[in-house]
Every structure is written in structure tokens, then in C-alpha cells.
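One letter stands for each residue in the lines below.
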Amino acid sequence: MVQQIRHNEPQYICIIPVDGITANKDEEIITFGVSANDAKKQGEELLASTYGCNQSQVLELMQQARIEPIAQWCAPKDR
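Residues numbered from 1 in each chain as written. Predicted model: local features only at pLDDT ≥ 70, side-chain atom pairs only at ≥ 80, totals over all residues. Heavy atoms only, no water.

Structurally, Thr31 can be placed in strand β2 (residues 28–33). Relative accessible area serves as the criterion here: at 4%, Thr31 is assigned to the buried category. A polar contact of 3.5 Å, which involves the side chain of Thr31, links it to the backbone nitrogen of Gly43. (Helix = DSSP H or I, 4+ residues; strand = E, 2+ residues; numbered from the N terminus. Buried < 20%, exposed > 50% of the residue type's maximum accessible area, 1.4 Å probe, protein only. Polar contact = N/O pair within 3.5 Å; in protein donor to acceptor, adjacent residues only side chain to side chain.)

Spelled out as C-alpha cells, the structure:
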């Protein structure tokens, strides 16, 4: 899935390590949202729909997740 940065809206990124379910120590998924909660929700939905995680697996993986604002240099400039 490809997501685009929205103009003039706060953006957050949720980085979730999924090595525990894929056995690839470097694998992680990244989701975006207009708020920290939105980015987290996107991550939870992706874990359930794409990776088939149950609720306890989702909770465990989300405890390891990092949610951060996207740096200003990533945001589109006003035209």
C-alpha cells in the first residue's frame, strides 16, 4: 500500500518491528496517519489484515512500535 503525505496536515509515522512473526530480524512495517492515534490504528489494522495477527499478537507488537512525527523536511512545500 502506498500512502501520500497530505498537504498542511500533521503527519505521524508508526514503525512496528515484525521480526517476531516473520523471522526476519530486520523486517518492520511503517504506517502513516494524520495523528499519532491514526498511525497506530493503521498499524493495528495492517497487522490483523495482512499478517493475520490475533488481538494479543497485535497488542504485543504495538508495545514495541515507535510513533513519531514526520520531519518537516518530508512535508510538501507551499506553492
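Now, onward.
On to the nonpolar core, then. With 12 residues, the main nonpolar core is built from Cys14, Ile16, Val18, Ile29, Ala39, Leu46, Leu47, Cys53, Val58, Leu61, Met62 and Ala65. Put simply, the parts of the chain that give this core at least two residues each are β1 (12–17), α2 (36–49) and α3 (55–63). The contacts of Ala65, once residues within four sequence positions are left out, are Cys14, Ile15, Ile16 and Pro17. (Core = buried A, V, L, I, M, F, W, Y, C linked by side-chain atoms within 4.5 Å. Contact = heavy atoms within 4.5 Å.)

Time to look at the sheet that holds β2. Spatially, the three strands line up as an open sheet ordered β2-β1-β3, and their pairing is antiparallel. At either margin of the open sheet sits one strand with a lone partner, and together these are β2 and β3 (66–69). Direction aside, the axes of adjacent strands within the sheet are offset by 20° on average. Relative to β2, β1 runs antiparallel, the two sharing six bridges. Following the sheet pairing, Pro17 is matched in β2 by Glu28. Here α2 sits on the sheet in contact with β1, β2 and β3, set at roughly 135° to β2. (Pairing = 2+ DSSP bridges. Axes fitted to C-alpha atoms, helices over the stretch in contact; angles between N-to-C directions.)

Turning our attention to the packing of α2 against α3. Closest axis-to-axis distance for the α2/α3 pair is 10 Å, and the angle between their directions is 135°. One way to sum up the angle between α2 and α3 is to call them oblique. Judged by the sense of rotation from one axis to the other, the crossing of α2 with α3 is right-handed. Residues Lys40, Glu44, Leu47 and Ala48 of α2 touch α3, and the partners they reach there are Val58, Leu61 and Met62. (Parallel < 35°, antiparallel > 145°, perpendicular 65-115°, else oblique. Left-handed = near helix turned anticlockwise from the far one by under 90°.)

This part is about the pattern of salt bridges. Between side chains of opposite charge, a pair can form when the charged atoms approach closely. On inspection of all chains with the given rule, the structure shows two salt bridges. Between Glu45 and Lys41 there is a salt bridge, with the nearest N and O atoms lying 3.9 Å from each other. Here Lys41 and Glu45 lie together in helix α2, a separation of four residues that amounts to about one turn. Relative accessible area serves as the criterion here: at 40%, Glu45 is assigned to the partly exposed category. Here Arg66 makes a salt bridge to Glu68, at a shortest N to O gap of 3.2 Å. (Salt bridge = Lys/Arg side-chain N within 4 Å of Asp/Glu carboxyl O.)

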